[in-house]
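If you want the building blocks of each chain, they are given just below.
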Amino acid sequence: MRISLNWLRELVEIKLSPEELAETLTMAGFEVEEIEDRRTWANGVVIGKVLERQPHPNADKLSVCQVDIGTGENLNIVCGAANVKADIYVPVATTGTYLPKIDLKIKPAKLRGVPSQGMICSLKELGLPTDIDGIHIFTQENLPLGSDVRPLLGLDDIILDLTATANRADALSMVGVAREVAALTGGKLSIPEPAEVSIPKKAENLALKIADTQACPAYIGTVIEQIKIAPSPEWLQQRLRAAGVRPISNVVDITNYVLLEWGQPLHAFDGDRLKSVAGSENLTIGVRFVNNGESLKTLDGQTRTLASQNLLITANDKPVALAGVMGGEETEVHQGTQSLVLEAALFDSVAIRRSSRSVGLRSEASGRYERGVNWAELEIANRRALSLISELASGIIVQQEIADTRPDPSTWSRSIALRLDRVNQILGPIDLGEDTGELQKQDVERILTALGCQLTASGEDSTHQPTWSVSVPPYRYRDLEREIDLIEEIARLYGYNKFCDTLPEKAEAGYLPLDEEVIRKLRSFLRAEGLTELIHYSLVKPGEDRNIVLSNPLFVEYSALRTDLISGLIDAFQYNLEQGNGALNGFEIGQIFWQEEDGLQETEALAGIMGGDISVGKWSKSGREQPITWFEAKGILESVFRQLSLQIEFQPDRRDDRLHPGRTASLWIRGNRLGIFGQLHPQLRREKGLPDSVYVFQLDLNVLLDSLGEDEILVSTFQPYSTYPASDRDIAFFAPVKISVVEIAKVITKAGKDLLESVELFDEYRGENVPAGQRSLAFRLIYRASDRTLTEAEVEPVHNKVREALVEKFGVNLRS
């Protein structure tokens, strides 16, 4: 909102300079975006009188004028305006004057051979908007020649362009800003009390019909006759221009003036036009929402198709205005208006916001209604407008009707309990120079009283600190609702910069939680293995076992929560093949959900899918596809586990019917089931058209993170390499097929644990010369000591112990 300091000084005592006032308001939460010093626009421009006007000898459109500016010597000024003539008072820019709005410095010059000693100015050249094409002519008589023109044009003023926050509807008026300035600076308020107006008691031809009292809690309609439309007086026009409003006529200007002064939107209807629209001498002004198919041509000249959320003002049920937004063109005040119906109303903020948005139209009125207009000052603003109309437009009030469903005025305020202890607890210590202290009782009472609150002491709290019952003024009813709001006001007016800095002395380095750090490493390891991270919706089709079904799904296809990640990965693999993108190798980390007898369960899982030829380019293989094998897919997982320093055990598993029964393993870590890994079942692959070698895995991320949380894994310990040579031995034997290599490796490791460094299977054979139901396995065992070179006498007993353990445990038939 644009605030004229000249106008503001009439409402409140101002002791600060414009710059200091702007800084004070900004620090209090009312940002001053610009200080517009209008005094510079016409510095050096004086009042002159045109004594004589002669045509220019060398130019048809120029005039040569003799102008008296009170110096005793007339100025010869060449002027190009068509409306210049003798015996008029005009603004004259003397030699040396700089006009910033047109970036022109006045210098002595010759125009078509005739010397010119200044310039007769138009309002546009002085930075003021005008519809007149030509110089400005003062209407006053006997003006002092040579005096400053700025007071006559309202250019002896400074404008503060102020922005109020959304919760401060009261600051969208001059009276509201004056109250704020008084509270911040201690200046004395001088808010004008509108004069009483005489309202005839006899009702004539106006009635009100408010269909929705929630949307319109109060409506005042006043009929005014014998109106004389004319330009507003200069003081009123200057105030409107300073606020950025274009003067139109006395009646329209008065409604705009009251809007700016009190923040109460008003609207004036042409009374005769209202009757014409209504089709009757008897008017019923109504407030209702739109019926289907209605439209209205608003004051901006646009015909708007209305929606059901638009609130209307009607005349005998015919639309004449968009309530709280804009009037209708058909009933606007014009030069021939002789009677008025003045509307002063309160509208619900939500209703006006919806109405304004639906037609894409915002106005000064709608902006104020959306934030909330003060209920208590409706009558004051209406009375102010009526007194000005009577004074400036010679209007005579003949009837006033009021429809008021507002609650009792006692409810327009509220009482809030406030504790001094809580104030200091929230705001902290204040800076007292060399020392610190706390806000005192008198500080709180002074600040809140300056805001218009009434404080009543209500005793002491448990810490023997004073408490108050604070009565909030009606104009702050909407934003002062709780104790914390009052505390905020105390801090704002006391000065945020007066409170001590309570920030930490130095910042601490940020860090990630352990789980997040591990998950990030896990992601990077999987990406390094060539897997792309995938993301799927958590919502799937219903029908799976232990599904959790939503009670209000958007679509049937997304009406249940997923119970695992593998199904989504298989579908993604199929989709990529069908789109010609080739085999998909990816992983996903996400939540899975299921039902148990004791309730709903949720956990985070890691899953992946691998298939096809994982190599890039087939030129080295003569263009032939070489699908990934079970062991290569398993190696990808093992590589990730190795980087995480985890020892994972693979055990045969047949529980998931989507996976190949002979090529599926469950994963175990320290006796806890981690997850599953396996090749897709041939039947499922045929149904979905997938290649032969597609492998999937799913791990319980919580089990994985718990295992990584162990200190021996989390904290790496250095183990020196042995500088002594190793001694290796091979051992081969026939073993039953049902015995897994993992079990055999466990027994070997346990038997040779003192000197055995590693065990590796390097050969498997089934066929000729191997007994039925058995296979030939060959292991390489590497023995090493960290402090010496092992001798044959040391290695052989340990190796024999390994051989004996294998025979005893599994009954193997040793071949070497």
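The structure under discussion appears in the preceding block.
Novice: Even after reading the chapter, I still don't get the overall build of the chain, so can you show me in this structure?
Specialist: Secondary structure assignment for the chain yields 21 helices and 42 strands. Taking 2.2 N^0.38 as the reference for a compact globule, 816 residues should give roughly 28 Å; the C-alpha atoms of the chain span a radius of gyration of 45 Å, well beyond that estimate. Structurally, the chain occupies a C-alpha span of about 135 × 75 × 65 Å along its principal axes. Within the span of the chain, comprising 816 residues, buried residues form 47% of the whole. Summarising the internal contacts of the chain: among those between residues at least 6 apart in sequence, 67% fall at separations of at least 24. Each charge sign in the chain was given a centre, from 87 positive and 118 negative side chains, and these centres are 4 Å apart.

Novice: Would you mind going over helix α11 (residues 420-427) with me for this structure?
Specialist: For an α-helix, the turn length of 3.6 residues means that residues three or four places apart are oriented alike. Listing the buried residues of α11 in full gives Leu-420, Val-423, Asn-424 and Leu-427. Axial view of α11: buried residues confined to an arc of 90°, hence all on one face. Of the surrounding elements, those touching the buried residues of α11 are β24 (415-419), α12 (441-450), β28 (466-471) and α13 (483-494). Where α11 terminates, the next one or two residues include Gly-428, which has phi positive at roughly 80°.

Novice: Is there a simple way to think about the nonpolar core in this case?
Specialist: Nonpolar side chains in soluble globular proteins tend to be buried together. Membership of the largest hydrophobic core comes to 90 residues, with the highest contact counts inside it found for Leu-8, Leu-160, Tyr-219, Ile-313 and Phe-347. If one sorts the elements of this core by residue count, helix α10 (residues 378-392) sits on top with seven residues. Ignoring anything within four residues of it in the chain, the contact list for Tyr-219 reads Leu-208, Ile-210, Phe-269, Ile-285, Val-287, Ile-313, Glu-343, Ala-344, Ala-345, Glu-401, Ile-402 and Ala-403.

Novice: I tried to follow the sheet that holds strand β31 (residues 548-549) on my own but got confused; where do I start?
Specialist: By way of backbone hydrogen bonds, the strands of a sheet pair with one another, either parallel or antiparallel. Pairing within the open sheet is antiparallel, and its three strands lie in the order β30-β32-β31. For this open sheet the edge positions go to β30 (539-540) and β31, each flanked by a neighbour on one side alone. Note that β31 and strand β32 (residues 560-561) share two bridges and pair antiparallel. Its bridge partner being in β32, Val-549 is matched across the sheet by Ala-560.

Novice: Just to check I follow, could you spell out the packing of aromatic side chains for this structure?
Specialist: Two descriptors summarise a pair of aromatic rings, namely the distance from one centre to the other and the angle between the planes of the rings. Scanning the entire structure with this criterion turns up 10 aromatic pairs. Between Trp-630 and Phe-631, the ring centres sit 5.5 Å apart and the planes meet at 80°, which makes this aromatic pair edge-to-face. Of the residues examined, Trp-630 reaches a relative accessible area of 17% and is grouped as buried. Taking the relative accessible area as the measure of exposure, Phe-631 reaches 66% and is therefore exposed. Cluster of aromatic residues (ring-pair linked, three or more members): Trp-630, Phe-631, Phe-677 and Tyr-695. Over the ring of Tyr-494 we find Lys-498, and its NZ or CZ is 5.3 Å from the ring centre.

Novice: Before we go on, may I ask you to explain the packing of helix α20 (residues 741-751) against helix α21 (residues 792-810) in this structure?
Specialist: When two helices pack together, their arrangement is captured by the angle between the axes and the distance separating the axes. The N-to-C vectors of α20 and α21 enclose an angle of 140°; their axes lie 9 Å apart at closest approach. By the criterion of interaxial angle, the relationship of α20 to α21 is oblique. The handedness of the crossing between α20 and α21 comes out as right-handed. In this structure, α20 uses Glu-743, Ile-744, Val-747, Ile-748 and Ala-751 to contact α21, whose residues at the interface are Lys-801, Val-802, Ala-805, Leu-806, Lys-809 and Phe-810. Its residues assigned to classes, the contact of α20 with α21 shows eight nonpolar, no polar and three charged.

Novice: I'm lost on a nonpolar patch on the surface in this one. Help?
Specialist: Taken together, the side chains of Tyr-537, Leu-554, Phe-555 and Tyr-558 make up a nonpolar region of the molecular surface, amounting to roughly 530 Å² of accessible area. Tracing the backbone through its elements, the reader meets Tyr-537 in the loop between β29 (532-533) and β30.

Novice: Help me understand the pattern of salt bridges, please; the structure alone is not making it clear to me.
Specialist: Between side chains of opposite charge, a pair can form when the charged atoms approach closely. Per the stated rule, a full pass over the model turns up 48 salt bridges. In this structure, Lys-688 engages Asp-571 in a salt bridge whose closest nitrogen and oxygen atoms are separated by 3.3 Å. Note that Lys-688 is positioned in helix α17 (residues 682-688) and Asp-571 in helix α15 (residues 566-578), a separation of 117 residues in sequence. For Asp-571, a relative accessible area of 41% corresponds to the partly exposed category. For Glu-638, the salt bridge is made with Lys-634, and the minimal N-O distance between the two is 2.7 Å. Here the residue Glu-638 and the residue Lys-634 both occupy positions in helix α16 (residues 630-643), the gap between them amounting to four residues, near one helical turn. Given a relative accessible area of 15%, Lys-634 falls into the buried group.

Novice: When you look at the sheet that holds strand β6 (residues 88-94) in this model, what are you seeing that I'm missing?
Specialist: The strand order across the open sheet formed by five strands is β5-β4-β3-β6-β11, and the pairing between neighbours is antiparallel. Only two strands of the sheet have a single neighbouring strand rather than two, namely β5 (75-79) and β11 (118-120). For this sheet, the mean inter-axis angle between neighbouring strands, taken without regard to orientation, is 45°. Sheet analysis places β6 next to β11, joined by three bridges and oriented antiparallel. Bridging across to β11, Thr-94 finds its partner in Gly-118.

Novice: How should the pairing of strand β3 (residues 45-55) be read in this particular structure?
Specialist: For a regular strand, side-chain orientation follows a simple rule: the groups alternate between the two sheet faces. Note: β3 against β6, six bridges, orientation antiparallel. Paired with Lys-49 across the two strands is Tyr-89, which belongs to β6.

Novice: Hey, could you run me through the pairing of β5 in this one?
Specialist: For β5, the tally of buried residues reaches five of five residues, placing the bulk of the element in the interior. Both faces of β5 are covered, namely the face carrying Leu-75, Ile-77 and Cys-79 and the face carrying Asn-76 and Val-78. Here strand β4 (residues 63-68) pairs with β5 via five bridges, running antiparallel. The partner of Gln-66 across the bridge, within β5, is Asn-76.

Novice: Where do I start with α20 in this structure?
Specialist: Along α20, the positions that sit buried rather than exposed are Ile-744, Val-747, Ile-748 and Ala-751. Seen from one end, α20 has its buried residues packed into an arc of 100°, which puts them on one side.

Novice: Can you walk me through the state of the cysteines in this structure?
Specialist: Working definition: the covalent bond between the sulfur atoms of two cysteines is a disulfide. This structure, assessed with the given rule, holds zero disulfides. Here Cys-79 is not disulfide-linked; the sulfur of Cys-65 is the nearest cysteine sulfur, at 5.4 Å.

Novice: Would you mind showing me how to read the environment of Leu-680 here?
Specialist: Secondary-structure assignment places Leu-680 in strand β37 (residues 672-680). Accessibility expressed as a relative area gives 0% for Leu-680, which makes it buried. Each C-alpha atom, one on Leu-680 and one on Glu-401, is 83 Å from the other, the two residues being 279 residues apart in sequence. In this structure, Leu-680 is in contact with Ile-570, Arg-658, Leu-659, His-660, Arg-685, Leu-690, Val-694 and Val-696, ignoring residues within four places of it in sequence.

Novice: Explanation requested: unusual backbone geometry in the structure shown.
Specialist: Leaving glycine aside, a negative phi is the common case for residues, and trans is the common case for peptide bonds. One non-glycine residue, Gln-226, lies in the positive phi region at around 60°. Inspection of the secondary structure assignment puts Gln-226 in the loop between β14 (218-225) and α5 (234-242). A residue is classified by how much of its surface remains accessible, and Gln-226, at 53% relative accessible area, is exposed.

Novice: Would you mind going over the environment of Val-770 with me for this structure?
Specialist: Along the polypeptide, Val-770 turns up in the loop between β40 (756-765) and β41 (774-783). The spatial distance from the C-alpha of Val-770 to the C-alpha of Ala-735 is 9.7 Å, given a sequence separation of 35 residues. Sequence-distant contacts of Val-770, defined by excluding residues within four places in its chain, comprise Phe-734, Tyr-765, Arg-775 and Ser-776.

Novice: In this structure, what is going on with the packing of α12 against α13? I would like to understand it.
Specialist: In contact at an axis separation of 10 Å, α12 and α13 are set at 90° when each is read in the N-to-C sense. Regarding the angle of α12 to α13, the classification is roughly perpendicular. For the pair α12 and α13, contact is made by Asp-443, Val-444, Arg-446, Ile-447 and Leu-448 and by Leu-486, Glu-489, Ile-490, Leu-493 and Tyr-494, respectively.

Novice: Would you mind showing me how to read the side chain of Glu-180 here?
Specialist: Along the chain, Glu-180 turns up in helix α4 (residues 174-185). Of the residues examined, Glu-180 reaches a relative accessible area of 5% and is grouped as buried. Side chain to side chain, Glu-180 and Arg-492 meet in a polar contact 2.6 Å long.

About the thresholds
- Residues numbered from 1 in each chain as written.
- Predicted model: local features only at pLDDT ≥ 70, side-chain atom pairs only at ≥ 80, totals over all residues.
- Heavy atoms only, no water.
- Helix = DSSP H or I, 4+ residues; strand = E, 2+ residues; numbered from the N terminus.
- Rg over C-alpha atoms; globule rule 2.2 N^0.38 Å.
- Buried < 20%, exposed > 50% of the residue type's maximum accessible area, 1.4 Å probe, protein only.
- Contact = heavy atoms within 4.5 Å.
- Lys, Arg positive; Asp, Glu negative; His and termini not counted.
- Charge placed at Lys NZ, Arg CZ, Asp CG, Glu CD.
- Arc of directions from axis to C-beta.
- Core = buried A, V, L, I, M, F, W, Y, C linked by side-chain atoms within 4.5 Å.
- Pairing = 2+ DSSP bridges.
- Phe/Tyr/Trp six-rings, centres within 6.5 Å; stacked < 30°, edge-to-face > 60°.
- Lys NZ or Arg CZ within 6 Å of the ring centre and 35° of its normal.
- Axes fitted to C-alpha atoms, helices over the stretch in contact; angles between N-to-C directions.
- Parallel < 35°, antiparallel > 145°, perpendicular 65-115°, else oblique.
- Left-handed = near helix turned anticlockwise from the far one by under 90°.
- Nonpolar A, V, L, I, M, F, W, Y, C, P; charged D, E, K, R; others polar.
- Patch = residues over 30% accessible without salt bridge, like charges linked within 9 Å, V, L, I, M, F, W, Y side chains within 5 Å.
- Areas by Shrake-Rupley, 256 points an atom, 1.4 Å probe, with all protein chains shown as cover.
- Salt bridge = Lys/Arg side-chain N within 4 Å of Asp/Glu carboxyl O.
- Disulfide = S-S within 2.5 Å.
- Polar contact = N/O pair within 3.5 Å; in protein donor to acceptor, adjacent residues only side chain to side chain.

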